[in-house]
Every structure is written in structure tokens, then in C-alpha cells.
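Close look at the chain arrangement
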Amino acid sequence: MPEPVGKAVPPPVPGTGAHRAADRTAPQVAPPMVFDGAAELVGRTFATALQEGLGRVSPPWMNAVHGGPVRPGRPPAPSAVLLRDHREEILTRLAGALPAAVRAAGQVDAERAIPALLAWARARLLAATAAGLPRAGARNAPLPFPRLELAVATLLLESAAGVLPDLPARDRALRDLGHAVRNR
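**Overview of helix α3 (residues 78-85)**
In an α-helix, one turn spans 3.6 residues; hence positions three or four apart end up facing the same way. All of the buried residues along α3 are Ser79, Ala80, Leu82 and Leu83. Taken down its axis, α3 places every buried residue within 160° of arc, on the same side. Among the exposed residues of α3, those pointing more than 90 degrees away from its buried face are Pro78 and Asp85. Against the buried residues of α3 lie α4 (87-104), α5 (110-129) and α7 (169-182).

**Some words on the confidence of the model for the chain**
Averaged over the chain, the pLDDT score is 74; the fraction of residues at 70 or greater is 61%. Contacts from residues 132-138, a stretch scored under 50 in pLDDT, to residues over four places away or in other chains number 3 contacts.

**What about the side chain of threonine 129?**
Summarising the element assignment, threonine 129 is placed in helix α5. Relative accessible area serves as the criterion here: at 13%, threonine 129 is assigned to the buried category. Looking at threonine 129, its side chain comes within polar contact range of the main-chain oxygen of leucine 126, at 2.7 Å. For threonine 129, the residues in contact, after removing those within four places along its chain, are Ala80, Leu83, Arg84 and Arg87.

**Examining the packing of α3 against α4**
For the pair α3 and α4, the least separation of the axes is 4 Å and the interaxial angle reads 55°. Here α4 runs oblique to α3, going by the angle between their axes. Contacts between α3 and α4 involve Leu83, Arg84 and Asp85 from the first element and Arg87, Glu89 and Ile90 from the second. For the contact of α3 with α4, the residue count by class is 2 nonpolar, no polar and 4 charged.

**Some points on the nonpolar core**
The biggest cluster of nonpolar side chains holds 30 residues, and the ones touching the most others in it are Leu83, Ile90, Leu117, Leu156 and Leu164. Put simply, the parts of the chain that give this core at least two residues each are α3, α4, α5, α6 (149-163) and α7. If one sorts the elements of this core by residue count, α5 sits on top with 7 residues. Contacts of leucine 83, omitting those with residues within four sequence positions, involve Ile90, Leu125, Ala128, Thr129, Leu164, Ala173 and Leu177.

The rules behind the values
Residues numbered from 1 in each chain as written. Predicted model: local features only at pLDDT ≥ 70, side-chain atom pairs only at ≥ 80, totals over all residues. Heavy atoms only, no water. Buried < 20%, exposed > 50% of the residue type's maximum accessible area, 1.4 Å probe, protein only. Helix = DSSP H or I, 4+ residues; strand = E, 2+ residues; numbered from the N terminus. Arc of directions from axis to C-beta. Contact = heavy atoms within 4.5 Å. pLDDT = per-residue confidence, 0-100. Polar contact = N/O pair within 3.5 Å; in protein donor to acceptor, adjacent residues only side chain to side chain. Axes fitted to C-alpha atoms, helices over the stretch in contact; angles between N-to-C directions. Parallel < 35°, antiparallel > 145°, perpendicular 65-115°, else oblique. Nonpolar A, V, L, I, M, F, W, Y, C, P; charged D, E, K, R; others polar. Core = buried A, V, L, I, M, F, W, Y, C linked by side-chain atoms within 4.5 Å.

Printed below as a string of C-alpha cells:
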């Protein structure tokens, strides 16, 4: 049976604003973006990696210096940090100057003397980086070649003065190194 024909509604004419009510109330949905979940994934991945990385390191004031941790909450002195950061450069410069000093002192066994003198200088640098930290009962080893003591101490200070940058902590670092050399 044919359906009753009611009043026919003409289709809206474009550009006239005559739209059906259903078209006006339909929610407007933006097309899905490819990166919607990617930003959240990247954020979670970064947070996890950051947490893992921070869990693997200790604060700088908890690092061991000569067998014991620095007191919590007290970072090392800037002069100690300066000497520690430039220790290898200072020792390299000293190693370059030692052969001439050893020859001038008439030391016959330079191949044995230079490594021992460098080890002594390294110990003095380590003692200078811990200048503010008392060590109970710690005595520094004597210089293995006493005739070279003044020459090596002078070359060590000269090497440090030539390597350390011109910062406010430089003078204090040189004083600490001189004190560590004197109090062997």
C-alpha cells in the first residue's frame, strides 16, 4: 500500500541559512589527530627516564672524598672543585717539566723517579682538594726523592698557576695546594 503523502519539506537551499534543526544541534567533531596519544606517551617516557636517571646519581655533596662522604648539605669548597676539575691538566704540565728538573738534580734513574714524583704530586693535589675536611690520623707520604722536594713542589705550584682559570677561587686553591705541599 502506498504511504500517505504529507506535506513535503523542500531541501534547504545552500547559502540561505534554512537548515534542519538536526543539522544545527549535531556536535562538531574534529577529525582525529595522528599525534593525540604520542604527546602523552612521550611525556610519560621522559618522566620515567628522568626518574631512573636521577635515581642512579647521588647529590654532589654526598660523593666520597678520601674514604668518607662530605657532610650532607655541605658542598665542597669552590677552590677544591677547581683543583679537582683541573687535576689532570696540572699533572700533565708537571710531567712535561719534570724531566728537566730530574736531569738538573743529577738523578740517574729518571724512569723510576718521574712516576714516583707524579704520584707524590697527585697525592698533594688530592690533599689540597680535601683541605677543609679533617682526616683523623692521616699522614702524607714523604717525597720519594728528598733532593727533588723543592723543585717538584715549585713545579707543581707553577703548573697549577698556569692551568687554573682566573676565578675568585683560584687564589684559595693555590694556597690550599701550597699548604698540602708544606704539610706533607
